[in-house]
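Structural description and commentary
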Amino acid sequence: MNSKQQVVDALIPVLPDTMTKDEIEMKIERPKDSDNGDYAFPTFFLAKELHKAPQMIAQELLPQIDQSNFEQVVIAGPYINFFLDKVQVGAAILDEVLTDPANYGSSDLGNGGNVPIDMSSPNIAKPMSMGHLRSTVIGNSLANILTKVNYNPIKINHLGDWGTQFGKLMAAYKMWGSEEEVKADPINTLQKYYVRFHQEDKENPALDDDARAWFKKLEDGDEEATHLWEWFRSESLKLFMKIYDLLGIEFDSFNGEAFYNDKMDEVVKMLEDKNLLQESKGAEIVDLEKYDLNPALIKKTDGATLYITRDLAAAIYRKRTYNFVQSLYVVGNEQQNHFKQLKAVLKEMGFDWSDNIHHIPFGLITQGGRKLSTREGHIILLENVLNDAIELARKQIDEKNPDLPNDDEVAKEVGVGAVVFHDLKNERLNNFDFDLAEVVRFEGETGPYVQYAHARAESILRKAGKPDLNDVNKSITDPNAWKVIKALGQYKDIIQRAAREYEPSVVAKYAIQLSKDFNQYYAHSKILVEDNEKMARLTLVQAVSDVLKSALALLGVKAPDEM
Ligand code: ARG
């Protein structure tokens, strides 16, 4: 049941016939201060039609309104304020949650439309960075949130498996590399070569020519280059998969940059046909001055294609393959200009659907205030972060709950969940500093805190013997319960807002608030005391457990029943 609808229903019979249901609904406001009721109806706009002062109108309407469904209806100046009957509304909300917990909060904003989400997309032969972690978990959570409002997300890992960096890597490997060394510890070794290359090419610019030549060989299908590329790629993927397994994240496609190699000629041809390509110092560019952007570099002097060329091919491929309603790119804020260029070139090509391409940027993670950088070798290794988090979680669990049966599994869910939650609770554009001890704390606004609130609810239900709660009367008169129930009632709006703003933090903040409200309720009201509202209280506990679990799932975080 929709409580706003109750207000509309109460108003229809007393307002002039000229007002439609929709018009009435649009006029109804939600007062910021709950002292002014749950809903308010302003009377200003009736003044002209009724030739009366708004205050007068409010006074005349009030006695005609059927108040039986409300706690009270009062006038405040030109407003009629409605206070919902908390017991009745509360029971209806609890009923709705418990009837179909898995679908509670769902809606149909998306009509099933396809939404490719370009996410994670780490670079081969480099360690996956904290930035890629952000892209992975934000993208995954957006996919969950969009599913809940009935879009059909397609999670695409646009692997960085092509580009001039491979030329550098091959050049470096040929100069200093050894097969055994790479086999023993692939990514760290390749990373070491890469860092060394960047140090040495400062003094020896000839190295860059060597790298360019190797990349050209790769683009031309040279056997040795191709073999090295495949080897680097498969070793890297193995390690990336380990991290995705830990996070519990799956992809629908691993079509990375290399996948578009044979699809770029067509793009270049289209650009030529539309007269968009210009020559500039031997390179081919698309001028974007009218967008106030730098020219997009499509082909280098030596004919090598670029990152944006591959992204053009990918965008067109995704439109053809998925006929998307929106196409998202969860990529760091520092690539803002790239995505502006991408959209502008597509626009110039006459593709109106470029308006449905959205870059979903996010801020930087720093450590001790310092920017992380692969080139300088200052990086946080994601796998270490996750494993350290699991260890920290295990320590806390061993202290609090030494007899927990499946503590390995729970430590993993709590440790990994803590890292993921910490990332998502920050508005995505904010930069933040990474401090592992803070991330895994059980108190404060952390993932474990929310997981703990959920586990507490489950423990209450276990103590109560897990009763069947479906046909229970769900009316709760205890005023302490209202705040929690009201929060439960907001879940659908929260998910829709998160979906519209592409902002998982909206869900994370909601989960924290609901946990706080529930803990407060638990501190003030004896839930298991034997009285005639005990069963109703248990329905509230069950609903809190269900919604916290659902909210955590939207973030990609597990909710253990015990911890
Ligand atoms: N591999 C790139 C990087 O690590 C991110 C790719 C993002 N996706 C895209 N379609 N450009 O910077």
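The following paragraphs examine the structure supplied in this document. Remember, it's a predicted structure, so these values are computed and weren't measured experimentally.

**Focus on the site of the ligand**
D118, S121, N123, H132, H158, Y307, D311, Y329, V331, Q335 and F339 make up every residue found near the ligand. Residue N123 places a side-chain N or O atom 2.6 Å away from a nitrogen atom belonging to the ligand. In this structure, Y307 approaches the ligand through a side-chain N or O atom, which is 2.7 Å from a nitrogen atom. Here the ligand has 350 Å² of accessible area as a free molecule, and 89% of this is covered by the chains. For the shell around the ligand, the per-class residue count stands at 4 nonpolar, 5 polar and 2 charged.

**Focus: the packing of helix α18 (residues 447-463) against helix α21 (residues 505-524)**
For the pair α18 and α21, the least separation of the axes is 9 Å and the interaxial angle reads 45 degrees. Classified by the angle between their axes, α18 and α21 sit oblique to one another. For the pair α18 and α21, the crossing hand works out as left-handed. Here Y449, V450, A453, R456, A457 and I460 of α18 come into contact with α21, specifically with A511, I512, S515, K516, F518, N519 and Y522. For the contact of α18 with α21, the class distribution of residues is 9 nonpolar, 2 polar and 2 charged.

**Examining the sheet that holds strand β12 (residues 370-371)**
One open sheet accounts for 3 strands, arranged β12-β11-β13; its pairing is mixed. Each edge of the open sheet is held by one strand with a lone partner, namely β12 and β13 (432-433).

**Let's talk about the sheet that holds strand β3 (residues 79-84)**
Strand order in this open sheet of 3 strands is β1-β3-β2, and the pairing throughout is antiparallel. Each end of this open sheet is capped by a strand with a single partner; those strands are β1 (39-42) and β2 (70-76). Averaged over neighbouring strand pairs, the angle between their axes works out to 20 degrees when direction is ignored. Pairing between β1 and β3: 4 bridges, direction antiparallel. If you follow A40 over to β3, its bridge partner there is N81.

**Digging into unusual backbone geometry**
The phi dihedral of H51 is positive, around 50 degrees, even though this residue is not glycine. You can see H51 is positioned in the loop between α3 (47-50) and α4 (54-61). Not every positive phi belongs to a glycine, and N323 is a case in point at roughly 40 degrees. The residue N323 is located in the loop between α13 (307-322) and β9 (327-330) in this model. On the accessibility criterion, N323 (54% relative accessible area) is exposed.

Basis of the calculations
- Residues numbered from 1 in each chain as written.
- Predicted model: local features only at pLDDT ≥ 70, side-chain atom pairs only at ≥ 80, totals over all residues.
- Heavy atoms only, no water.
- Near = heavy atom within 4 Å.
- Polar contact = N/O pair within 3.5 Å; in protein donor to acceptor, adjacent residues only side chain to side chain.
- Areas by Shrake-Rupley, 256 points an atom, 1.4 Å probe, with all protein chains shown as cover.
- Nonpolar A, V, L, I, M, F, W, Y, C, P; charged D, E, K, R; others polar.
- Axes fitted to C-alpha atoms, helices over the stretch in contact; angles between N-to-C directions.
- Helix = DSSP H or I, 4+ residues; strand = E, 2+ residues; numbered from the N terminus.
- Parallel < 35°, antiparallel > 145°, perpendicular 65-115°, else oblique.
- Left-handed = near helix turned anticlockwise from the far one by under 90°.
- Contact = heavy atoms within 4.5 Å.
- Pairing = 2+ DSSP bridges.
- Buried < 20%, exposed > 50% of the residue type's maximum accessible area, 1.4 Å probe, protein only.

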